[in-house]
Every structure is written in structure tokens, then in C-alpha cells.
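What follows is the residue order along each chain.
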Amino acid sequence: MKLTVIKTLDEMRPVLKNFNASGPDPAYWVFREIEGPWKNMTVIPQGDYNGEFTKTIGHYHINPVNDELYHCVSGTGVFVFQKKHFENGVFIPKIVEEVQVKRIKPGDDIKVSGDFGHAVINTGNEPLVTYDDRVAPHSPEDYEAVAKLHGLAYYIVNNNGRVDVVPNPNYKNLKDVLLENI
């Protein structure tokens, strides 16, 4: 197993609800070349950034790829998915076709379609550990649209002990989010 990514709080700031928030640092770690059928392991510590749960930066797959499969090893959290919007064949990041938030717990598998941006959020009281089967490395372009809009379409926050969603004001025409068991 090889540690390949350490995301710091400063690297997370562009996608946080509150740019000046404090919280866990490092924000998360990614390991590659793990043993077994999986290719990567991501570890997200528990905690929050001034009420927003810890998370991965979030990204799209700008270049078409196969679907990804994630497996929750330990901890609890949610996956946020948002479907790309196209006009005349051009990707329009400020508009999303659909947003889904799905709860994950140990043993759950989550399939991510190539036409959805996504992030993993730790809503629990222990580190959230996921495996995934992505072989190709991410390109910087995968993260650009999410960073420019200061995160995905919804922030996942702690609302008096309850997991809640807060719209990101940088997106247009947000539709109701589909919440699954959060």
C-alpha cells in the first residue's frame, strides 16, 4: 500500500461552505496499490468544518470513464452524486440535472456512473474508510468545476445532531435533492 494523496485543510478551503472554517487537518488520505481486488483506499477523519461534515473535495470525470465501484469498509457517511448538465453538447457545471445523497455503512457498495460528479462525506463518529476500483489517475480538470463553484451543489451539515443538506448558492436551478436514509 502506498500513500499517494494527503489533502490538507488549506486545499479543502475552496470547496467548503465557510472558507475560513477550522477542523481536521489533514482532511483525508488516499492510498493506492492496496491488496486485493480494490485499487484505492480513502480515509476521511470524523469531525467538521464549522458544522460542515468532513469530506473529499468532490470531482467529475471530465474524460469519459467506466463506472466506479466504492465499498464502505468502516465508519458511516453519505455519498453525494450530481448529474452533469449539457447544453448543445457542452458541459454546464452551474446546472445539475439531479442530485442524490445516499447513506453508506460498512459492507455497502456504491456504484458511481461516469456522468455524475461525486464526493464522500463522513457523518459518523469514527474515520470513514472506503475502497474503490478506479485504475486511471484523476486529472486536474476533474476537480476544476467543483472548485470554481465552491463545492458540490449541496453542503452536508450537522443540524443539531441531524444530517442535513444546504444548497450551494453558486448553482442555478437546483431541484429537490433525493435523500436516501440520511
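Residues numbered from 1 in each chain as written. Predicted model: local features only at pLDDT ≥ 70, side-chain atom pairs only at ≥ 80, totals over all residues. Heavy atoms only, no water.

Visitor: Mind laying out the overall build of the chain, listing which residues take part and the relevant values?
Guide: Across its full length, the chain carries two helices and 14 strands. Here the chain has a C-alpha radius of gyration of 15 Å; the compact-globule value for 182 residues is 16 Å, and the two agree. Seen through its C-alpha atoms, the chain measures out along the principal axes to roughly 45 × 40 × 30 Å. The proportion of buried residues among the 182 residues of the chain is 47%. Here the analysis covers contacts within the chain between residues at least 6 apart in sequence; of these, 68% occur between residues at least 24 apart. Here the chain contributes 19 positive and 24 negative side-chain charges, whose respective centroids are spaced 3 Å apart. (Helix = DSSP H or I, 4+ residues; strand = E, 2+ residues; numbered from the N terminus. Rg over C-alpha atoms; globule rule 2.2 N^0.38 Å. Buried < 20%, exposed > 50% of the residue type's maximum accessible area, 1.4 Å probe, protein only. Contact = heavy atoms within 4.5 Å. Lys, Arg positive; Asp, Glu negative; His and termini not counted. Charge placed at Lys NZ, Arg CZ, Asp CG, Glu CD.)

Visitor: Tell me about the pairing of strand β12 (residues 154–159), residues and numbers included.
Guide: Sheet analysis places β12 next to strand β13 (residues 162–167), joined by six bridges and oriented antiparallel. Along β13, the bridge assignment pairs Asn159 with Arg162. Hairpin connection from β12 to β13: two residues lie between these consecutive antiparallel strands, with Asn160 at a positive phi of about 55°. (Pairing = 2+ DSSP bridges.)

Visitor: Describe the side chain of Lys55, and please don't skip the residues or the numbers.
Guide: Within the element layout of this structure, Lys55 appears in the loop between β5 (52–53) and β6 (68–74). Its relative accessible area of 7% is what places Lys55 among the buried residues. Here Val15 takes part through its backbone oxygen, which lies 2.7 Å from a polar atom of the side chain of Lys55. Engagement of the side chain of Lys55 in a polar contact is seen with the side chain of Glu52, the distance being 2.6 Å. If we ignore the near neighbours within four places in the chain, the residues touching Lys55 are Met12, Val15, Leu16, Tyr28, Ile44, Val120, Ile121 and Tyr155. (Polar contact = N/O pair within 3.5 Å; in protein donor to acceptor, adjacent residues only side chain to side chain.)

Visitor: I'd like a rundown of the packing of aromatic side chains, residues and numbers included.
Guide: Enumeration over the complete set of coordinates arrives at six aromatic pairs. For the ring pair Trp38 and Tyr131, a centre distance of 6.3 Å and an interplane angle of 40° mean the geometry is tilted. Residue Trp38 is located in the loop between β2 (28–32) and β3 (40–44), and its partner Tyr131 is located in strand β11 (residues 128–132); the two are separated by 93 residues in the primary sequence. A relative accessible area of 23% means that Tyr131 is categorised as partly exposed. Aromatic pair Phe81 and Phe116: ring centres 6.5 Å apart, planes at 85°, arrangement edge-to-face. Residue Phe81 is found in strand β7 (residues 77–87), and its partner Phe116 is found in strand β10 (residues 116–122); the two are separated by 35 residues along the sequence. Of the two residues, Phe81 and Phe116, both sit in the buried class. Ring-pair connections join several aromatic residues into one group, and the members of that group are Tyr70, Phe79, Phe81 and Phe116. Over the ring of Phe91 we find Lys84; its NZ or CZ atom is 5.7 Å from the centre of that ring. (Phe/Tyr/Trp six-rings, centres within 6.5 Å; stacked < 30°, edge-to-face > 60°. Lys NZ or Arg CZ within 6 Å of the ring centre and 35° of its normal.)

Visitor: Tell me about unusual backbone geometry, residues and numbers included.
Guide: Residue Pro26 is reached from Asp25 by a cis peptide bond, and omega for that bond is 5°. In this structure, Pro26 sits in the loop between α1 (9–12) and β2. A positive phi angle, close to 60°, is found at His150, a residue other than glycine. Within the fold, His150 resides in the loop between α2 (141–148) and β12.

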